[in-house]
Amino acid sequence: MPLVTLNEILPAARKAGCGVAAFNVANMETLYAVVRAAEIENSPLIVQVYQRLFGDERAALIAAMAAKLAKRATIPIVLHLDHGNSVEQVKKAIGIGYTSVMIDCSSLPFNENIKHTAEAAKIAHQSGVTIEGEIGHVPFGDGEVKLSDAAEAVEFVAKTGVDALAVSIGTIHGFYKKEPRLDIERAREIGRKVAIPLVLHGGTGVPEEQLRQAIACGVAKINIATELQNLFIREIAVEIKKNGEKFIPVDLYLKPVEDKIIEYARSKINALK
Ligand code: 13P
């Protein structure tokens, strides 16, 4: 089937009390592996792409591969721009075939976040594309966490028309220095007041039990990037150690690496079901 939007999978997932994995891919092998994993698990999949890959042709190349894979896949697949940084970037993503976008204006004052997100939402919806916005702020690495507020969530959703809402409930992007403790009470309050699916950024390293609690509060999309990409690189290192100076063509060299990614993605998909 063609690539679908968030609306084809997330509201049903929220209703069913399930989470859908959104994996960040950056090349053919990571894309291929997460699609394979989702097919084996018979689960819907969100493939997302870092905004920096929109700086050249990579985001479009990934889109072409994703569309091709989706066409013959046995499961629905969404292709999503992750952390879009401007309305221009949202337009670019739509133009090259992304069926879903995020605009992240969470570092701006609340009213400006609303203004830019609403503008991007209007553009996305005109093209039949879904959109995710963020309130509060989930930082990268050592940045400051700004927790989401339930009243702001209600206002933001009403004024922007987003299809999914990324909330800050104690996660960060990247590896944690100590185990995270999600603010489940906050997630529950937001989930009670906001009907659209919630999104958890910073899925790397969050214990499964806490992920399950967040899902029970209305989180339906769980973003995972660092752990998957780090595994890809570490597994290449394993292959280099194993093979030494021996020449092996790139596709064959990366096959066992791809298999490890499939195994990892399957375990994550299963943990969220
Ligand atoms: P991690 O890199 O911490 O898994 O977060 C992924 C993410 O939220 C992408 O937007």
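In the block above lies the structure referred to throughout.
Residues numbered from 1 in each chain as written. Predicted model: local features only at pLDDT ≥ 70, side-chain atom pairs only at ≥ 80, totals over all residues. Heavy atoms only, no water.

Undergrad: Report on the environment of Asn24, specifying residues and quantitative values.
TA: Relative to the helices and strands, Asn24 resides in strand β1 (residues 20-24). With 201 residues separating them in the primary sequence, Asn24 and Ala225 have C-alpha atoms 4.9 Å apart. Every residue in contact with Asn24, bar those within four places of it in the chain, is listed here: Gln48, Val49, Tyr50, Asp82, Ile224, Ala225, Leu228 and Gln229. (Helix = DSSP H or I, 4+ residues; strand = E, 2+ residues; numbered from the N terminus. Contact = heavy atoms within 4.5 Å.)

Undergrad: Can you tell me about the site of the ligand, naming the residues and giving the values?
TA: In the region of the ligand, 15 residues are neighbours, and Asp82, Gly174, Gly202, Thr204 and Thr226 sit closest. With respect to the ligand, the side chain of His173 contributes an N or O atom lying 3.2 Å from an oxygen atom. The contact in question runs from an oxygen atom of the ligand to an N or O atom on the side chain of His201, over 3.1 Å. In isolation the ligand has 310 Å² of accessible area, and contact with the protein removes 97% of it. Taken together, the residues that form the shell around the ligand break down as three nonpolar, 11 polar and one charged. (Near = heavy atom within 4 Å. Polar contact = N/O pair within 3.5 Å; in protein donor to acceptor, adjacent residues only side chain to side chain. Areas by Shrake-Rupley, 256 points an atom, 1.4 Å probe, with all protein chains shown as cover. Nonpolar A, V, L, I, M, F, W, Y, C, P; charged D, E, K, R; others polar.)

Undergrad: Tell me what's going on with the nonpolar core, and back it up with residues and numbers.
TA: Counting residues in hydrophobic clusters, the biggest one holds 81 residues, and the most contacted among them are Phe23, Leu45, Val49, Ile77, Tyr98, Val101 and Leu165. In terms of residue count, the dominant contributor to this core is helix α10 (residues 250-272) (eight residues). In terms of nonpolar packing, the next biggest core, distinct from the first, is built from 14 residues, Leu10, Val20, Met102 and Ala220 among them. (Core = buried A, V, L, I, M, F, W, Y, C linked by side-chain atoms within 4.5 Å. Buried < 20%, exposed > 50% of the residue type's maximum accessible area, 1.4 Å probe, protein only.)

Undergrad: Go over the side chain of Asn223, please, and point to the residues and values.
TA: With respect to the helices, strands and loops of the structure, Asn223 is situated in strand β8 (residues 219-224). With a relative accessible area of 5%, Asn223 lands in the buried category. Other than its neighbours up to four places away in sequence, Asn223 contacts Ala22, Gln48, Asp82, Val199, Leu200, His201, Gly202, Gly203 and Thr204.

Undergrad: Before we move on, can you summarise the sheet that holds β1 with the specific residues and values?
TA: Pairing in this closed barrel of eight strands is parallel, and the strands run β1-β2-β3-β4-β5-β6-β7-β8 around the ring. For this sheet the average axis-to-axis angle between neighbouring strands, irrespective of direction, equals 25 degrees. Contacts from helix α6 (residues 150-160) reach β5 (130-135) and β6 (164-167), with the element oriented near 150 degrees to β5. (Pairing = 2+ DSSP bridges. Axes fitted to C-alpha atoms, helices over the stretch in contact; angles between N-to-C directions.)

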